[in-house]
Amino acid sequence: MLEIAAARPYPYLAPAGAIALVMIDMQRDFLEPGGFGAALGNDVTLLAPCIEPAARLLAGFRRAGLPIVHTRECHRPDLSDCPPAKRGRGRGPLRIGDPGPMGRILIAGEPGVEIIDDLAPRPGEIVIDKPGKGAFHATSLQQQLRAWSVSHLVIAGVTTEVCVQTTLREANDRGYDCVLAEDATASYFPAFKQAVLDMVVAQGGIVGWTASVSQLLEVL
Ligand code: C5J
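Caption draft 1: Representation of the sheet that holds strand β9 (residues 177-186) within the structure. The strand order β7-β4-β3-β8-β9-β10 describes an open sheet built from six strands, whose pairing is parallel. Two strands in the sheet have a free side with no partner beyond their single neighbour: β7 (126-130) and β10 (209-211). Averaged over all neighbouring strand pairs, the angle between strand axes comes to 25°, with direction disregarded. By the bridge criterion, five bridges tie strand β4 (residues 68-73) to β7 in an arrangement that is parallel. Its bridge partner being in β7, V69 is matched across the sheet by I126. Against the sheet, helix α7 (residues 190-205) contacts β9 and β10, and its axis sits at roughly 160° relative to β9.

So, in C-alpha coordinates, the structure goes:
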(Lines give C-alpha, C1' and ligand atoms only; values in the text may rest on other atoms or scores of the structure.)
Protein backbone atom coordinates (compact mmCIF):
# COMPACT_ATOMS: atom_id res chain seq x y z
CA MET A 1 0.00 0.00 0.00
CA LEU A 2 1.31 3.46 -0.92
CA GLU A 3 0.70 6.14 1.69
CA ILE A 4 1.13 9.87 1.14
CA ALA A 5 0.99 10.88 4.77
CA ALA A 6 1.23 14.61 4.03
CA ALA A 7 -1.58 14.66 1.44
CA ARG A 8 -4.38 17.09 2.10
CA PRO A 9 -6.84 16.87 3.80
CA TYR A 10 -5.62 13.56 5.27
CA PRO A 11 -3.28 10.71 4.27
CA TYR A 12 -3.91 9.23 0.83
CA LEU A 13 -3.70 5.44 0.53
CA ALA A 14 -3.44 3.54 -2.76
CA PRO A 15 -2.82 -0.14 -3.49
CA ALA A 16 0.63 -0.23 -5.11
CA GLY A 17 -0.47 -1.81 -8.38
CA ALA A 18 -3.70 0.12 -8.79
CA ILE A 19 -2.54 3.68 -9.37
CA ALA A 20 -2.06 5.52 -12.67
CA LEU A 21 -0.99 8.99 -13.73
CA VAL A 22 -3.33 11.04 -15.93
CA MET A 23 -1.46 13.99 -17.47
CA ILE A 24 -4.02 16.38 -18.89
CA ASP A 25 -3.57 18.40 -22.10
CA MET A 26 0.07 19.52 -21.82
CA GLN A 27 -0.28 20.65 -25.43
CA ARG A 28 1.37 23.37 -27.47
CA ASP A 29 -2.11 24.88 -28.00
CA PHE A 30 -2.30 25.69 -24.28
CA LEU A 31 1.33 26.25 -23.32
CA GLU A 32 2.82 28.10 -26.30
CA PRO A 33 2.09 31.44 -27.95
CA GLY A 34 -0.14 31.25 -31.02
CA GLY A 35 -2.43 28.49 -29.76
CA PHE A 36 -5.91 28.19 -28.30
CA GLY A 37 -4.98 29.52 -24.86
CA ALA A 38 -3.34 32.62 -26.32
CA ALA A 39 -6.24 33.15 -28.75
CA LEU A 40 -8.53 33.41 -25.75
CA GLY A 41 -6.43 36.29 -24.48
CA ASN A 42 -4.45 34.38 -21.89
CA ASP A 43 -0.81 34.84 -20.85
CA VAL A 44 0.54 31.37 -21.63
CA THR A 45 3.74 31.96 -19.64
CA LEU A 46 1.64 31.48 -16.48
CA LEU A 47 1.49 27.75 -17.25
CA ALA A 48 5.27 27.29 -17.58
CA PRO A 49 6.04 26.72 -13.86
CA CYS A 50 4.16 23.42 -13.87
CA ILE A 51 6.25 21.88 -16.67
CA GLU A 52 9.31 20.89 -14.61
CA PRO A 53 7.28 19.33 -11.74
CA ALA A 54 5.14 17.52 -14.33
CA ALA A 55 8.32 16.14 -15.93
CA ARG A 56 9.54 14.92 -12.52
CA LEU A 57 6.18 13.28 -11.87
CA LEU A 58 6.28 11.53 -15.26
CA ALA A 59 9.84 10.38 -14.57
CA GLY A 60 8.75 8.98 -11.20
CA PHE A 61 5.89 6.99 -12.75
CA ARG A 62 8.23 5.74 -15.48
CA ARG A 63 10.86 4.64 -12.94
CA ALA A 64 8.19 2.82 -10.94
CA GLY A 65 6.79 1.15 -14.06
CA LEU A 66 3.30 2.51 -13.31
CA PRO A 67 0.72 3.23 -16.01
CA ILE A 68 0.63 6.66 -17.63
CA VAL A 69 -2.12 8.30 -19.67
CA HIS A 70 -1.63 11.56 -21.57
CA THR A 71 -4.67 13.40 -22.86
CA ARG A 72 -5.04 15.92 -25.66
CA GLU A 73 -8.07 18.13 -26.13
CA CYS A 74 -8.81 18.10 -29.86
CA HIS A 75 -11.45 17.55 -32.50
CA ARG A 76 -11.88 15.83 -35.83
CA PRO A 77 -10.95 17.98 -38.84
CA ASP A 78 -14.62 18.16 -39.88
CA LEU A 79 -15.53 19.32 -36.34
CA SER A 80 -18.25 16.67 -36.15
CA ASP A 81 -17.29 16.05 -32.50
CA CYS A 82 -17.25 19.74 -31.57
CA PRO A 83 -20.65 21.00 -30.46
CA PRO A 84 -21.40 24.42 -31.98
CA ALA A 85 -21.98 25.64 -28.42
CA LYS A 86 -18.36 24.82 -27.58
CA ARG A 87 -16.96 26.37 -30.76
CA GLY A 88 -19.01 29.50 -30.31
CA ARG A 89 -17.68 30.23 -26.86
CA GLY A 90 -14.55 32.22 -26.08
CA ARG A 91 -14.96 34.95 -28.70
CA GLY A 92 -11.20 35.27 -29.29
CA PRO A 93 -9.71 36.14 -32.68
CA LEU A 94 -9.33 32.40 -33.43
CA ARG A 95 -11.92 29.73 -32.73
CA ILE A 96 -11.55 25.95 -32.63
CA GLY A 97 -10.85 24.83 -36.20
CA ASP A 98 -9.52 28.17 -37.43
CA PRO A 99 -6.02 28.24 -38.95
CA GLY A 100 -3.38 29.66 -36.62
CA PRO A 101 0.40 29.78 -36.36
CA MET A 102 0.49 26.14 -35.15
CA GLY A 103 -2.09 24.83 -37.60
CA ARG A 104 -5.83 24.62 -37.10
CA ILE A 105 -6.72 25.32 -33.47
CA LEU A 106 -7.37 22.13 -31.43
CA ILE A 107 -7.68 19.93 -34.52
CA ALA A 108 -6.24 16.40 -34.36
CA GLY A 109 -3.04 16.01 -36.33
CA GLU A 110 -2.13 19.71 -36.26
CA PRO A 111 1.16 20.81 -34.64
CA GLY A 112 -0.59 22.77 -31.89
CA VAL A 113 -2.31 19.67 -30.57
CA GLU A 114 0.99 17.90 -29.87
CA ILE A 115 2.18 17.48 -26.31
CA ILE A 116 5.16 19.74 -25.60
CA ASP A 117 8.57 18.16 -26.15
CA ASP A 118 9.54 18.23 -22.44
CA LEU A 119 6.61 15.94 -21.61
CA ALA A 120 6.40 13.90 -24.80
CA PRO A 121 4.75 10.50 -24.35
CA ARG A 122 7.03 7.48 -24.54
CA PRO A 123 6.25 4.12 -26.14
CA GLY A 124 3.83 2.15 -23.97
CA GLU A 125 2.14 5.25 -22.61
CA ILE A 126 -1.46 5.82 -23.65
CA VAL A 127 -2.46 9.02 -25.46
CA ILE A 128 -6.17 9.77 -25.39
CA ASP A 129 -7.68 12.43 -27.64
CA LYS A 130 -10.73 13.95 -26.02
CA PRO A 131 -13.37 16.25 -27.49
CA GLY A 132 -14.58 17.45 -24.10
CA LYS A 133 -13.03 19.13 -21.12
CA GLY A 134 -13.30 15.95 -19.04
CA ALA A 135 -11.11 13.01 -20.09
CA PHE A 136 -13.89 10.44 -19.56
CA HIS A 137 -16.42 12.06 -21.90
CA ALA A 138 -16.55 10.24 -25.29
CA THR A 139 -13.20 8.48 -24.76
CA SER A 140 -11.91 5.01 -23.89
CA LEU A 141 -10.27 6.19 -20.66
CA GLN A 142 -12.47 4.21 -18.29
CA GLN A 143 -12.04 1.01 -20.34
CA GLN A 144 -8.29 1.53 -20.29
CA LEU A 145 -8.21 2.04 -16.52
CA ARG A 146 -10.38 -1.07 -16.03
CA ALA A 147 -7.99 -3.08 -18.19
CA TRP A 148 -5.16 -2.03 -15.86
CA SER A 149 -7.31 -2.65 -12.72
CA VAL A 150 -6.62 0.92 -11.69
CA SER A 151 -8.73 2.42 -8.90
CA HIS A 152 -6.54 5.38 -7.88
CA LEU A 153 -5.42 8.32 -10.02
CA VAL A 154 -2.78 11.00 -9.79
CA ILE A 155 -4.02 13.88 -11.92
CA ALA A 156 -1.86 16.69 -13.29
CA GLY A 157 -1.74 19.05 -16.25
CA VAL A 158 -3.57 22.10 -17.53
CA THR A 159 -5.66 23.99 -16.94
CA THR A 160 -6.46 23.37 -13.31
CA GLU A 161 -9.99 24.74 -13.25
CA VAL A 162 -11.07 23.55 -16.70
CA CYS A 163 -9.91 20.16 -17.99
CA VAL A 164 -8.06 19.04 -14.86
CA GLN A 165 -10.90 19.79 -12.47
CA THR A 166 -13.54 18.40 -14.85
CA THR A 167 -11.58 15.16 -15.22
CA LEU A 168 -11.04 14.86 -11.47
CA ARG A 169 -14.75 15.28 -10.82
CA GLU A 170 -15.68 12.82 -13.57
CA ALA A 171 -13.22 10.33 -12.06
CA ASN A 172 -14.57 10.89 -8.56
CA ASP A 173 -18.11 10.18 -9.74
CA ARG A 174 -16.87 6.96 -11.33
CA GLY A 175 -15.41 5.79 -8.03
CA TYR A 176 -11.73 6.63 -8.46
CA ASP A 177 -9.74 8.01 -5.54
CA CYS A 178 -7.93 10.99 -7.03
CA VAL A 179 -5.00 13.05 -5.87
CA LEU A 180 -4.29 16.31 -7.66
CA ALA A 181 -0.57 17.06 -8.07
CA GLU A 182 -0.40 20.61 -6.71
CA ASP A 183 2.70 21.92 -8.49
CA ALA A 184 2.23 19.89 -11.68
CA THR A 185 -0.94 21.74 -12.58
CA ALA A 186 -1.44 25.37 -13.57
CA SER A 187 -4.01 27.90 -14.66
CA TYR A 188 -3.94 31.18 -16.56
CA PHE A 189 -5.66 32.43 -13.40
CA PRO A 190 -3.56 31.60 -10.32
CA ALA A 191 -6.52 32.40 -8.05
CA PHE A 192 -8.62 29.80 -9.89
CA LYS A 193 -5.89 27.18 -9.39
CA GLN A 194 -5.80 27.92 -5.66
CA ALA A 195 -9.58 27.81 -5.50
CA VAL A 196 -9.60 24.33 -7.09
CA LEU A 197 -6.95 23.05 -4.67
CA ASP A 198 -9.04 24.41 -1.80
CA MET A 199 -12.30 23.00 -3.21
CA VAL A 200 -10.93 19.50 -3.70
CA VAL A 201 -9.82 19.13 -0.11
CA ALA A 202 -12.65 21.04 1.57
CA GLN A 203 -15.41 19.17 3.39
CA GLY A 204 -13.13 16.28 4.29
CA GLY A 205 -11.80 15.79 0.76
CA ILE A 206 -15.19 15.87 -0.88
CA VAL A 207 -13.82 15.10 -4.33
CA GLY A 208 -10.25 14.04 -3.60
CA TRP A 209 -6.84 14.85 -2.20
CA THR A 210 -3.95 17.10 -3.14
CA ALA A 211 -0.22 16.53 -2.68
CA SER A 212 2.99 18.04 -3.99
CA VAL A 213 5.08 16.26 -6.61
CA SER A 214 7.86 15.73 -4.01
CA GLN A 215 5.37 14.08 -1.65
CA LEU A 216 4.13 11.85 -4.47
CA LEU A 217 7.63 10.92 -5.59
CA GLU A 218 8.60 9.85 -2.07
CA VAL A 219 6.14 6.96 -2.25
CA LEU A 220 6.36 5.91 -5.90
C1 C5J B 1 -9.26 24.61 -21.76
C2 C5J B 1 -8.06 22.74 -20.87
N3 C5J B 1 -8.85 25.43 -20.80
N4 C5J B 1 -7.23 21.76 -21.23
N5 C5J B 1 -8.79 23.34 -21.84
O6 C5J B 1 -10.05 24.99 -22.59
O7 C5J B 1 -8.12 23.09 -19.71
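We are not done yet, so read on.
Caption draft 2: Spatial organisation of the pairing of β4. Burial within β4 is extensive, with six of its six residues counted as buried. On β4, burial covers both faces: I68, H70 and R72 on one face and V69, T71 and E73 on the other are all buried.

Caption draft 3: The arrangement of the site of the ligand in detail. Lining the immediate surroundings of the ligand are D25, F30, F36, E73, K133, V158, T159, V162 and C163. Between the ligand and the protein, one listed contact pairs a nitrogen atom with a side-chain N or O atom of D25 at 2.7 Å. Here the ligand, which alone exposes 230 Å², has 93% of that area covered by the protein. Most atoms of the ligand, that is more than half of them, are within 2 Å of grid points of the largest pocket. Considered class by class, the residues forming the shell around the ligand number five nonpolar, one polar and three charged.

Caption draft 4: A look at the nonpolar core. With 43 residues, the main nonpolar core has M26, L57 and V154 as its most contacted residues. Counting residues per element, this core draws most heavily on helix α3 (residues 51-64), at five residues. In contact with L57, other than residues within four places in its own chain, are L21, V154, A156, A181, A184, V213, L216 and L217. Residues V69, Y176, V196 and V207 belong to the second largest nonpolar core, which totals 24 residues.

Caption draft 5: Broad picture of the pairing of strand β3 (residues 19-24). β3 sits mainly inside the fold: six of its six residues count as buried. Side chains I19, L21 and M23 project from β3 onto one buried face, and the interleaved A20, V22 and I24 project onto a second face that is buried too. Pairing geometry for β3 and strand β8 (residues 152-158), over six bridges, is parallel. Bridge assignment links A20 to a residue of β8, and that residue is L153. Sheet analysis places β3 next to β4, joined by four bridges and oriented parallel. Paired with M23 across the two strands is H70, which belongs to β4.

What counts and how
Think of each chain on its own: its residues are numbered from 1, step by step along the sequence as written. At least 70 in pLDDT is required for a residue's local features to be given in this predicted model, at least 80 for side-chain atom pairs to be given and counted, and no such filter applies to totals for whole chains, interfaces and linings, which use all residues. Hydrogens and waters are ignored; side-chain quantities use all the structure's heavy atoms. In this description, strands pair whenever DSSP reports at least two bridges between them. A helix here means a DSSP run of H or I that spans at least four residues, while a strand means a run of E at least two residues long, and both kinds are numbered starting from the N terminus. Lines fitted to the C-alpha atoms define the axes, with helices restricted to the stretch that makes contact. Angles between their N-to-C directions range from 0 to 180 degrees. By definition in these notes, contact holds between two residues if any of their heavy atoms fall within 4.5 Å. Each residue is assigned to one of three classes by its accessible area relative to the maximum for its type, calculated with a 1.4 Å probe on protein chains only: buried under 20%, partly exposed between the two thresholds, exposed over 50%. Proximity is defined per residue: if any heavy atom of the residue lies within 4 Å of a molecule or strand, that residue is considered near it. For this analysis, a polar contact is any N or O atom pair within 3.5 Å, provided that within protein one partner can donate a hydrogen and the other can accept it, and provided that sequence-adjacent residues contribute only side-chain to side-chain pairs. Every accessible area reported is derived by Shrake-Rupley at a probe size of 1.4 Å, with residue values counting cover from the shown protein chains alone. Every definition here rests on a 1 Å grid over the protein atoms only: cavities are sets of points where a 1.4 Å probe fits but cannot get out, pockets are open sets enclosed by protein on both sides within 12 Å along at least five of seven lines, and lining residues have some atom within 4 Å of a point. A molecule is said to be in a cavity or pocket once over half of its atoms fall within 2 Å of that pocket's grid points. Gly falls in the polar group here, along with every residue not listed as nonpolar (Ala, Val, Leu, Ile, Met, Phe, Trp, Tyr, Cys, Pro) or charged (Asp, Glu, Lys, Arg). Definition used in this section: a nonpolar core is a set of buried Ala, Val, Leu, Ile, Met, Phe, Trp, Tyr and Cys residues joined via side-chain atoms within 4.5 Å.

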